[in-house]
Amino acid sequence: MPRALITGITGQDGMYLAEHLLGLGYDVSGMVRGQDNPKRRTVEALLPDVRLVEGDLLDATSLRTTLQHAQPDEVYNLAAMSYVPYSWGQSEVTAAINGVGVLRILDAVRALTGASGSRANSGAGVRFYQASSSEMFGLAQETPQRETTPFHPRSPYGAAKAYAHYITVNVRESYNLFACGGILFNHESPRRGAEFVTRKISLAVARIKAGLQDELVLGNLDARRDWGFAGDYVRAMHLMLQQDAPDDFVIGTGETHTVREFVDLAFARAGLDPERYVRVDAEFIRPAEVDVLLADASKAHRVLGWRPQVDFAGLVDMMVDADVAAVARTLPAGERPVRRTERRTVPHAEPEPEAPETTQERAA
Ligand code: NAP
Ligand code: G4F
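Conventions adopted
- Residues numbered from 1 in each chain as written.
- Chains lettered and ligands numbered in written order.
- Predicted model: local features only at pLDDT ≥ 70, side-chain atom pairs only at ≥ 80, totals over all residues.
- Axes fitted to C-alpha atoms, helices over the stretch in contact; angles between N-to-C directions.
- Helix = DSSP H or I, 4+ residues; strand = E, 2+ residues; numbered from the N terminus.
- Left-handed = near helix turned anticlockwise from the far one by under 90°.
- Contact = placed C-beta atoms within 7 Å.
- Nonpolar A, V, L, I, M, F, W, Y, C, P; charged D, E, K, R; others polar.
- Near = placed C-beta within 6 Å.
- Pairing = 2+ DSSP bridges.

Peer 1: For this particular structure, what's the right way to read the packing of helix H1 (residues 12-23) against helix H8 (residues 230-240)?
Peer 2: Two quantities define a packed helix pair, namely the angle between the axes and the distance from one axis to the other. The geometry of H1 relative to H8 is characterised by a closest axis approach of 9 Å and an angle of 65° between their N-to-C directions. Seen along the crossing, H1 lies across H8 with a hand that is right-handed. Listed contacts from H8 to Gln12, Asp13, Tyr16, Leu17, His20 and Leu21 of H1 are Ala230, Gly231, Val234, Arg235, Met237 and His238. Residues of the contact of H1 with H8, tallied by class, amount to six nonpolar, four polar and two charged.

In structure tokens, the structure reads:
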């Protein structure tokens, strides 16, 4: 039975990846940080077969201990401070977790495998996945973006991810470690944190429909993203570590849409008019914006045989339907809607077990 260690197990991707690997017969360990982390209970309820181990990307000793306990064949480093706006206010901690934290875990992997600095003393034996990001392209030098597109990060988050990507490539080239950088474009789901724009919109639609909220305040509606479904993207992470040689891959759908298009489809799904509810406020405009992201994932199609299964409209429907159902469950029995909206696609994920009110308050 192959063994995998996932850092960031309490996040959106960590949970989907754990489900995927368990389904493939893996023994899965997940790293959790912090004292009495409330998300630990969510993972325990959803994924009872995952063994939880304590560790923090800010603490080198804990990483060495975690790896010793898990003895993994594959390490998926998904842990990060992942909310871009937060990275301007807390840029040092962002660099420490998302940048130097990756160096720390790579060093711990090398210590586990005995790789000491020479190519001869190879670290091959543990395969390493780094969660790189399309945010590294930032002010994109070409569109669509592919593996060879130069980076021009527009946030402390993007800059830290670029360092992490380069140090992953450097460790691969210096010590022969099987290390891959998955350059993933935005991917979403009903488990997405409520601070990200897609989930902020789907939750607001559900709450407006239930009469619990009367407006949705957003920032730049013209920003374009290549949005896919997280459940599709974790398959690509696993495929990268099954190849004969380590490499970097762009993962995305090859379609780009504006925030406004997401808003329009989400409100339409619930039979609501966005003009009545959506307001733009400078509070949510960023110091520097990534205007357009669009993936050229042809290398992943060709080498990994990877294709996404959920399209943009299917993703919007999935997220709105999940939040409408989750909000309805919180209403007193007599106030629950009797008629459900008809699905256009098959949902791939159940709603986040967290109470919608709580996540909405966090997003505000
Ligand atoms: P997420 O839901 O925000 O999850 C982030 C995870 O990192 C959480 O489990 C969090 O744990 C953990 N974490 C944060 N700081 C940590 C630390 N110091 N030590 C250990 N764990 C720590 O993010 P996601 O959407 O699943 O994304 C997964 C990874 O892919 C991230 O690295 C993100 O930057 C990257 N990425 C995401 C996207 C996307 O569109 N989703 C696209 C490209 C790249 P707590 O529960 O303790 O907070
Ligand atoms: O949903 P977002 O916050 O995601 P963003 O910044 O693209 O970052 C996500 O994707 C990256 C991959 O490209 C990941 F690396 C990163 O960890 C994260 O998962 O914002 C998307 C767009 C932005 O252009 C933003 O300006 O939506 C725009 N937006 C407009 N109004 C808003 C809002 N974003 C948020 N979060 N909240 C708003 O009210």
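Peer 1: Would you take a moment to explain the site of ligand 1 for this structure?
Peer 2: What surrounds ligand 1 is a group of 27 residues, the closest being Gly8, Gly11, Ala79, Ala80 and Ala131. Sorting the residues of the shell around ligand 1 by element identifies H1 and strand S5 (127-133) as the ones contributing at least two each. If you tally residues by element for the shell around ligand 1, the top one is H1, at three residues. When its residues are assigned to classes, the shell around ligand 1 shows 10 nonpolar, 13 polar and four charged.

Peer 1: How do you make sense of the sheet that holds strand S4 (residues 74-77) when you look at a structure like this?
Peer 2: Strand order in this open sheet of seven strands is S3-S2-S1-S4-S5-S6-S11, and the pairing throughout is parallel. Two strands lie at the open edges of the sheet, namely strand S3 (51-54) and strand S11 (249-251), each paired on one side alone. Averaged over all adjacent pairs, the angle separating strand axes in this sheet is 25°, with direction ignored. Sheet topology note: the S4/S5 ladder contains four bridges and is parallel. Bridging across to S5, Tyr76 finds its partner in Tyr129.

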